[in-house]
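Geometric and topological summary
What follows is each chain in one-letter form.
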Amino acid sequence: MEVDLKRGETLPININMTFPSLPCDVLSVDAIDMSGKHEVDLDTNIWKLRLNSDGHIIGTEYLSDLVEKEHAAHAHDDHKDHHEESDHKIELHSFDKDAENMIKKVKQALANGEGCRVYGILDVQRVAGNFHISVHGLNIFVAQMIFEGSSHVNVSHIIHDLSFGPKYPGIHNPLDGTMRILRGASGSFRYYIKIVPTEYKYISKEVLPTNQFSVTEYFSPINEFDRKWPAVYFLYDLSPITVTIREERRSFLHFITRLCAVLGGTFALTGLFSPISPIFESGRVHVVNEIRIWICGSITSSLGAAKIC
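Nothing here was measured: the structure is a model prediction, and the numbers come from that model.

Rules used throughout
- Residues numbered from 1 in each chain as written.
- Predicted model: local features only at pLDDT ≥ 70, side-chain atom pairs only at ≥ 80, totals over all residues.
- Heavy atoms only, no water.
- Helix = DSSP H or I, 4+ residues; strand = E, 2+ residues; numbered from the N terminus.
- Buried < 20%, exposed > 50% of the residue type's maximum accessible area, 1.4 Å probe, protein only.
- Areas by Shrake-Rupley, 256 points an atom, 1.4 Å probe, with all protein chains shown as cover.
- Phe/Tyr/Trp six-rings, centres within 6.5 Å; stacked < 30°, edge-to-face > 60°.
- Contact = heavy atoms within 4.5 Å.

**Brief notes about the overall build of the protein chain**
What the protein chain contains, in helices and strands, is 5 helices and 14 strands. In the protein chain, which comprises 309 residues, the share counted as buried stands at 32%. Entry remark: accessible area of the protein chain is about 19900 Å², with carbon and sulfur atoms responsible for 59%.

Here it is as structure tokens:
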């Protein structure tokens, strides 16, 4: 172990999760760290897959529409000087209409039991922070009209994979395969993660920088009058110590030593049981003779003095 001296690097977070009770249109990935950087509804390197009620993929991947948003914003800026007032009215009308269409679409998806699979890689700064998956990307009024209250947002989830860097042989990520299904009241899940920087050194001397982590979890229920909206939070902190794991190949001398130990034990056990075998053999002969004498005596008594044995 040694002190972690890495500076200015990013921390890759690999996510692969399923939300069986929330459509893709309402889910967003948000991140914030101790440096004050706050990103809402992250699109970069994050993908969404629509799932039906049986968990099968329906439709295509929901890729980032960030590029389309930027193009629309630039087009709006180019014409802003000439039609500022009329564009503002069109924008408000478009927002209302788009919101209404989205509400209908999401309600239909909820009625059909649609879910969403969120996966990809988050590159965050190498400082303590958190990321969470929730409906926080929605306008508060739109969210209220869709769910009719925060207590109706079901954040049940399955974590297929959550890791902080590439995997090495024998690594165990404690959250892989975690399933949390809500049957009653909704609420927020919080996973408190302690990340341990790790270096895995192969026999070939190649070094793989990655991270291990430990985790504790906490669930806080939400009542009908609570203003907070449910979410799944991952709050992480980094250990200042780096752990080094080395691959080692055992030498031929080590193999010979273990082989001699096995052979020595075998011979020792053989020598231990060798003196006992004559005892069992003599006992067996004595019992046979006793049976033979008893049989002969019985026959002699029944036939008279005739000698048979």
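Next, the rest of the story.
**Side note on the packing of aromatic side chains**
By the definition in use, this model includes 9 aromatic pairs. Consider the rings of W47 and Y119, whose centres lie 6.0 Å apart with planes at 25°: the pair is stacked. With W47 in strand β5 (residues 46-51) and Y119 in strand β7 (residues 115-125), the pair connects residues that are 72 residues apart, well separated along the chain. Between F164 and F213, the aromatic rings sit 5.3 Å apart at their centres with planes inclined by 75°, giving edge-to-face as the arrangement. Pair noted here: F164 is in the loop between β9 (157-163) and β10 (178-180) and F213 is in strand β12 (residues 207-221), with a separation of 49 residues, a long-range link. By the burial criterion, F164 is buried, and F213 matches it. An aromatic cluster is present here, built from F131, F164, Y191, F213, F234 and Y236 joined pairwise through their rings.

**Describing the environment of F234**
The residue F234 is located in strand β13 (residues 231-238) in this model. Aside from chain neighbours lying at most four places away, what touches F234 is M17, G129, N130, F131, I159, L162, L175, Y191 and I193.

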